[in-house]
Amino acid sequence: MSVELDVFVGNTTIMDKEVYQLWLNGYTVNDAVKVRIEGGVMEECEASADVLLSDTMDQYRTFQMCERLLHHPAKLANQLLFQIPPDRQAMLIERYYAFDDLFVREVLGKKLSKGTKKDLDDVSAKTGVSLKSCRRQFDNFKRVFKVVEELKGPLVENIRQHFLLPDQLARDYAAIVFFANNRFETGKKKLLYLTFQDFAFCAGQLINHWTLGAVDSMMEDMDVDLDKEFLQDLKDLKILITDKDLLDQHKSLVCTALRGKTSVFNEMEANFKNLSRGLVNIAAKLINAKDVRDFFIDLVEKFIEPCRSDKWTSIDMNLFLTHYTNSAHILDTFKHHAVWTRYMGVIKSCILRMYHD
Amino acid sequence: MPGKLKAKIVAGRHLPVMDRASDLTDAFVEVKFGNTTYKTDVYPKSLNPQWNSEWFKFEVDDEDLQDEPLQITVLDHDTYSANDAIGKVYIDIDPLLCSEAATVISGWLPIYDTIHGIRGEINVLVKVDLFNDLNRFRQSSCGVKFFCTTSIPRCYRAIMVHGFVEELVVNEDPEYQWIDRIRTPRASNEARQRLIFLMSGELQRKIGLKVLEMGGNAVVGYLQCFDLEGESGLVVRAIGTACTLEKISTLPSTATHQSNSSPSKDMKDSPQAAPSTLGCRSTHSSPVHSASSRLSQGFSVSVPTLLFAGMKPRHRSSEAPRARQCRPVFGEEVPGIPLSSGPPTPLRAQTFSSFSPSKSYSRQSSSSDTELSLTPKTGMGSGGSAGKEAGPLKALLRQQTQSALEQREYPFFTLTSFPSGFLLHVGGVVSARSVKLLDRIHNPDEPETRDAWWEEIRQEIKSHAKALGCHAVVGYSESTSICEEVCILSASGTAAILSSRFMQDGPLDTEHRLSRQPLVFSTGSERVEGDMGSSASLGFEEVVPPGCGFCHIPYDELNIPFPAQLTYCYSCRRSKVPDVLFTTIDLPADANITGKGCLIQARLCRTKKKAQGEGNATAISNLLPFLEYELHTQLMNKLKLRGMNALFGLRIQISVGETMLLGLASATGVYLTALPGPGGIQIAGKTPSDITYEQHISNMQKKINDTIAKNKDLYEINPPEVVEEIIGSPIPEPRQRSRLFRSQSESSDEVSELDLSHGKKDAFVLEIDDTDAVEDIHALLTDSPTPQGFYSCNTEIMPGIQNWTSAIQMFTSVRVFRLNNANLTNQGLNKIFSDLCENLLKSLYFKLRSMVPCCLCHLNFTVAIPEDELIQVAVTAVAMSFDKEQILENGKQSGEKTLTKAITENDEQLQFNLELNPESSHANPLSSPKGLSEVGSHPSARAPSVDYSSFADRCSSWIEQLRLKAHTIRRGSVKTTSSMEKASPLPEGRSRSLRSNRSYSGTSVAVVKMTPLSFIPGAKIIKYLGIINMFFIRETTSLREEGGVSGFLHSFIAEVFAMVRAHVAALGGNAVVSYSMKECVFMENPNKNQAQCLINVSGDAVIFVRESELEAASVQPQSTTHTSNGGEGT
């Protein structure tokens, strides 16, 4: 004796947020029922385990049927099969495209390829995020990547429009796409202390200032790639470290400005040339794709780590970078003000964001 | 030639990829009507083609227009091989043929394929130009409006109710044609779908013709079903009630009332109802009443005797057949009384034999035994009332109706709720069943045999009604259950006596005026009324108290056709009422009830031996009476267990399978204030010797008593019995007497004496003599109560609940249960079946928990035995939330929204008073009579009624205004759906509110509400766009891949909903009311990874406007209203 068939279809599609989350998290029906029972829905509604099972099955089926629509969220709005109130639609989309920071941290900057997908079981084991959920998140990244890769115009806006995501989520996806496209290295041990949000912030800075779209939104090319011309120009900054006079002049200007204002003045003064060389070398090398990938590891190795070992505070850091940037403009033989500002603006905010434990 | 159909193919979207190489599709469209086909160009390499075709024009007969659907096929062009079909859209153009319905079909419609389901959407525009030629001999019936709604539709007024119309067409089932062996499943499914479309069209046209013949212009309560007989054919049959409807226009008061969600609200324009305020007592205060009661004086003396004469012989002669197949009323107090004890089984053999009485024969027989009782009556009536003022005309009118009813072959009405004053008395449920063998049909392709079968059953129903002293059957429906070659035909309804008001020619106003005139007769008639006593039940035009009148027995109490205990009405104390009342109709809106109602189900399984042919038919017909008897006993027990005394919306479904019979009876139980309270349930054991046994019994007794007490509490049933006992007054509520006229006190005293006779209420005794009985009692107690915050009923609205919010959720749930163990006892099966239904209900409650407090309305269960060992239960219902707070923050709104009769009554009363003496109106409502406040209504209800009347006028003007704009509004919504039409020049306020409604969704898909009810809470239906009647087949050969049977059916039902919504939206509507899923035939073959399902759904497409929007619209300058009113003129 068994229930062979059991369906419930509402004119307005009924979706339980809690069950949806369980589904998204990759729970099997039986596990989901257990979780729900523990959650105490049963007592609340005088239901039995059977009822709960039937309801969960039903909802899972609905979600599965909705899933292909969720792959193209715009379709969800003008499909006829499910009548879902707009606020529900928004919820469905937002949650479907939501991701675990732990998971994204693992694949950030990796090529969104089949190879990476095959390794997801390791990622799953490492992060504790279920494989199903990992796959969904990975596929989401890939789907968004594929769609916006070809599109013109501002990256965040494109994502928001095509996937109907809320602003913050769209920004995060922009970061993921940007990282995946430029294959930034994020998995090195030294970078592990950085959270996804740190990277997302940096990505935002890079997108807003270093891509072609940042200069001219009407350009053919898009937000996804860095502005080649700018990268080329960055080589010119090398003069700041190759020209001995300029380097000394720069140092003295910064030291004058900072004297007495910071507790780590001595360390700063001693390290100035190293630090400056580090930052300028990063700039000069960015023209090589390989060095672009190492951008963050370089920032950490060349700049953040030395400062941290000298026990700079964030305030010290901020002061130094501000004066370091500004002083360069006073140097009379230094001509590349525009490039310098564009470069240092991003570097400063990135470092400030990344400078934590 | 009198019609030109025009279609334009605009665009497609979300098409499937048909060319794997390019991941694109080269789509084009074929548009076919009749034998003409047009094609669009191929739109290459796109999943969102823009054809933007020319207008394809079809010049066709209106007959074809009615029969044929427009068939749109989307194909993928293939240069080298045959073009692949993507899918089809069938468009029923019937709504376009009626001037008052839709004018254009425009929107995105799902492209449907019977194997793949929905595959993208297509945007089409369809129009019809009809040329008028009314005078020629017509085969078409364009312009006859069809409604699934089983009451007078909201924005119409019934001028006349003509009566029963039925039709039946037969065709060979394509699935059983020889060609089916060589064609693809897709071709076969499509042939079937198309055939059913054609047959429905033909059926509708033929019914329309009958309606025109009768002089009507609409069919209300249209119920179409199809029977898949298999080898012998495919039958599509329909029944309905022909009416002459009038769009509510200028009369402001009428407009409000008709369009109001409660049918009772049109009371005001019904002269009969108006005078009688609540209950009988106050009738005397109204001059109108006295006029009419005076009229009936003439009949009171002679008629009863005449009737006896007519009834008695009939009774005897029909006893056997009646007992055989039907149970006219389920009023039996003790189980085992005649109906069950000695059904003369031999007679039953006759039912499945191919014997079929010819029409003429049956007609004769009916006139011989039935008309006797009524024809003389009318004669007497006119004679008796001659010489009385205003009498002759009235009597004449009555005579006309009476004879009009008699002339009708079947005085049946598919309506379940009525304009108030129409339904006078209810006798009880009448039903008839008959077992037939399909392989015995001589001429399977012709409808004659089936016609004769139904003829037989209807005659039987008719004679049952007569036996109950009734001249009409209301809430009538027919159904079949087929298993292999055996077919059970069933019909049931409620015997009733109807007022002639809607059945005579000429508008109601004649009578209206007539009954109002003679203020003079206010004295003297009271006595007459008193004398009349039971003659009140004879079906004459006596004024019936609205709250309890329908409960008064229509039959003669000295010659009760079945055992029942009669008492004097607890409400008016004037007429006799039965102790229990079973009906198939909705609770009349003006009925007085105590507490709330609830869903009551009796479920039964009976095993049967596998058999063939006649043996099988005999076995089934032998089982039927027992099945019915047990169902009724169960219903009765459960009713008593809930402390209630009446059932409404009773629907008994008997389903036949190879090895078992299933019976499911659903109804909504209520406590009618007019009926005596139900006695308890007494358990008696057979072997009193054993002490433990005694204890066991007393334990059980205690349990039952506890349950009854708990239920009474739960459903707030606390009838004012105590008051009655103590005071010894016949009038339950002392307060009301103070408002009544003193002069009446004597008469009421008289009644109280009479009253003593019925004093004791016998408890219902259940004997436990075997294990079966124990099981039965256990089963009684296993029905779990509805969870907190939930109510359920299978009628339109829940008695005792009001304040519906606008949140509604229609749903369909289907379960199939496999009985793996073949050797089950009846008890075991019963338990399984009962649990299945209970669990399904529990699941529904759980699913809908977010809507609490809410009521599941119109819970419609359908059971089937798709194959051996499978039980299928399908439920369609609507969950509606309501405000728990009965506080009426906004008098107007709640006055509008609420449907309870409590308020209605107050309204009616109030309005009546307003009409008669406006000055006193404000004093009245507060002192308004009746133990209403006790009867489950609330003091607060009175306040809004004051408001409401003023609101009425205002509202009606908006209605006018909106009605005129309906067309425009529809356009507006079409525009939003399809972005095809230009924005219409809407008045600012209107368009804004519409837009806000849609833009809030932020999508291009308009929301379409669906409900099995005839109304939408918190909204007004401003236009009916036509009937939706769709039939789909879905088949799969990859069942596992589609998520198994559940996945398959889940997506199919979702697709059906989607297609219904899309077609409604294309008609310009935003809701489907009276929606029902009439058929859901599911077949599977998991071994072959295959499944097939057929679904038939129907409903009325409407445009509704939220009341809040209406109010917004009211801000508009009055001038608009006036001009539009003038413009309308009709």
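Just above, that's the structure.
Every chain is numbered independently, its residues counted from 1 as its sequence is written. Following the order in which they are written, the chains are lettered starting with A and the ligands numbered starting with 1. Totals for whole chains, interfaces and linings use all residues, but because this is a predicted model, local features are given only for residues with pLDDT of at least 70 and pairs of side-chain atoms are given and counted only at 80 or more. For side-chain calculations, the full set of non-hydrogen atoms in the structure is used, while hydrogens and water are omitted.

Glancing now at the overall build of chain B. Helix and strand definitions follow DSSP, with helices as H or I runs of at least four residues and strands as E runs of at least two, each counted in order from the N terminus. The secondary structure content of chain B amounts to 27 helices and 31 strands. Restricting the contact set of chain B to residue pairs at least 6 apart, pairs at least 24 apart contribute 79%. Roughly 38500 Å² of accessible area belongs to chain B as shown, and the carbon and sulfur atoms make up 53% of that amount. Here a residue-residue contact requires only that any non-hydrogen atoms of the pair lie within 4.5 Å. For the accessible areas, the method is Shrake-Rupley and the probe is 1.4 Å, while residue cover comes only from the protein chains on display.

Only buried residues count toward a nonpolar core. Its members are Ala, Val, Leu, Ile, Met, Phe, Trp, Tyr and Cys residues joined through side-chain atoms within 4.5 Å. Only protein chains enter the accessibility calculation, which uses a 1.4 Å probe; a residue whose area is less than 20% of its type maximum is buried, one above 50% is exposed, and one in between is partly exposed. F320 and Y343 of chain A are the most contacted members of the largest nonpolar core, which totals 216 residues. Examining the composition of this core, we find that 15 residues originate from one element, helix α25 (residues 1044–1066) of chain B, more than from any other. Not counting chain neighbours up to four residues away, the residues in contact with Y343 of chain A comprise W210, F230, L234, L237, L279, I282, A283 and L286 of chain A. Judged by nonpolar contacts, the second largest core, of 45 residues, contains F147, C243, C572 and I585 of chain B.

In this section: the interface of chain B and chain A. Interface size, as often reported, equals the accessible area lost upon joining of the parts. Taken together, the contacts link 55 residues of chain B with 38 residues of chain A. Note: buried area is the sum, over both parts, of the accessible area (probe 1.4 Å) each one loses when the two are combined. The largest per-residue losses of area from chain B upon contact with chain A belong to F846, K847 and H1050 of chain B, which jointly make up 20% of the total buried on that side. The closest approach of N and O atoms between D58 of chain A and K847 of chain B, which form a salt bridge, is 3.4 Å. Whenever two N or O atoms come within 3.5 Å, that pair is a polar contact, provided that in protein one can donate a hydrogen and the other can accept it, and provided that, for residues adjacent in sequence, both atoms are side-chain atoms. Here chain B is connected to chain A by 25 residue pairs in polar contact (both at pLDDT 80 or more). We define a salt bridge as a side-chain nitrogen of Lys or Arg found within 4 Å of a carboxyl oxygen belonging to Asp or Glu.

Take the state of the cysteines next. Residues and elements named next belong to chain B. Only a pair of cysteine sulfur atoms within 2.5 Å counts as a disulfide in this structure description. Under the counting rule described, the total for this entry stands at 0 disulfides over all chains. Counting only cysteine sulfurs, C1080 is the nearest neighbor of C1093, a cysteine outside any disulfide, at a range of 4.2 Å. With relative accessibility at 0%, the residue C1093 sits in the buried group.

Once that is clear, we can look at a negative patch on the surface. Residue and element names in this part refer to chain B. Patch membership requires more than 30% relative accessible area and the absence of a salt bridge. Residues of like charge join within 9 Å; the nonpolar side chains Val, Leu, Ile, Met, Phe, Trp and Tyr join within 5 Å. Charged residues are defined narrowly, with Lys and Arg counted positive, Asp and Glu counted negative, and His plus the chain ends left uncounted. Charge coordinates come from a single atom per side chain, which is NZ of Lys, CZ of Arg, CG of Asp or CD of Glu. Taken together, E172, D445, E446 and E448 make up a surface patch of like negative charges. Tracing the chain through its elements places E446 in the loop between β13 (423–437) and α10 (448–467). Owing to a relative accessible area of 35%, E446 belongs among the partly exposed residues under this scheme.

Let us look at the sheet that holds strand β12 (residues 233–247) of chain B. Residue and element names in this part refer to chain B. Here a strand pair is declared whenever DSSP counts at least two bridges between the two strands. Taken in spatial order, the 4 strands line up as β9-β11-β12-β10 in an open sheet, and their pairing is mixed. Unpaired on one side and paired on the other, β9 (145–146) and β10 (156–171) mark the two borders of the sheet. Here 14 bridges tie β10 to β12, and the two strands are oriented antiparallel to one another. Paired with Y156 across the strands is K247, a residue of β12. Note on method: axes are straight lines fitted to C-alpha atoms, helices fitted across the in-contact stretch only, with angles between N-to-C directions ranging 0 to 180 degrees. Each of β9, β10, β11 (218–230) and β12 is contacted by helix α2 (residues 185–214), which is oriented at about 135° to β10, the strand it contacts most. Each of β10, β11 and β12 touches α10; the most contacted strand, β10, lies at about 135° to it.

Let's shift gears to the environment of R458 of chain B. All names here are of chain B. Examined against the element boundaries, R458 turns out to sit in helix α10. Classification of R458 as buried rests on a relative accessible area of 3%. Spatially, the C-alpha atom of R458 lies 9.1 Å from that of S492, the residues being 34 residues apart in sequence. Setting aside anything within four residues of it in sequence, one finds R458 in contact with F164, E166, I239, Y410, F412, Y476 and E478. Among the polar contacts made by the side chain of R458, one reaches the side chain of E166 at a distance of 3.3 Å.

To estimate the expected span of a helix, subtract one from its residue number and multiply by 1.5 Å. Counted at 1.5 Å a residue, the expected span for helix α19 (residues 826–847) of chain B with its 22 residues is 32 Å, and the 31 Å between its end C-alpha atoms agrees. Here α19 of chain B lies mainly inside the structure; 16 of its 22 residues are buried.

Now for the pattern of salt bridges. Counted by the stated rule, this structure contains 50 salt bridges over all chains. Among the salt bridges present, the one from D67 of chain B reaches R205 of chain B, with a minimum N-O distance of 2.9 Å. Residue D67 of chain B is located in helix α1 (residues 62–67), and its partner R205 of chain B is located in helix α2; the two are separated by 138 residues in the primary sequence. As far as the burial class goes, D67 of chain B and R205 of chain B line up, both buried. Here E838 of chain B makes a salt bridge to R603 of chain B, at a shortest N to O gap of 3.1 Å. Taken together, the residues span a long stretch of sequence, with E838 of chain B in helix α19 and R603 of chain B in strand β19 (residues 593–607) at a distance of 235 residues. Among the residues examined, E838 of chain B registers a relative accessible area of 9% and is labelled buried. Connected through salt bridges with shared partners, the residues D16, R36, D55, D58 and R61 of chain A together with K847 and R849 of chain B form a single ionic network.

Looking now at the packing of aromatic side chains. Residue and element names in this part refer to chain A. In summary, the pairing rule links any two rings of Phe, Tyr or Trp, Trp by its six-membered ring, whose centres are within 6.5 Å, and it sorts them by plane angle into stacked for under 30 degrees, edge-to-face for over 60 and tilted for everything else. A full pass over the atoms with the stated rule returns 54 aromatic pairs over all chains. Aromatic pair W210 and Y343: ring centres 5.6 Å apart, planes at 10°, arrangement stacked. One end of the pair, W210, is in helix α13 (residues 196–210); the other, Y343, is in helix α22 (residues 337–354), and 133 residues separate them in sequence. By the criterion adopted, a ring carries a charge over it if an Arg CZ or a Lys NZ lies within 6 Å of its centre and within 35 degrees of its normal. Positioned above the aromatic ring of Y96 is the side chain of R136, whose terminal nitrogen or guanidinium carbon lies 5.5 Å from the ring centre.

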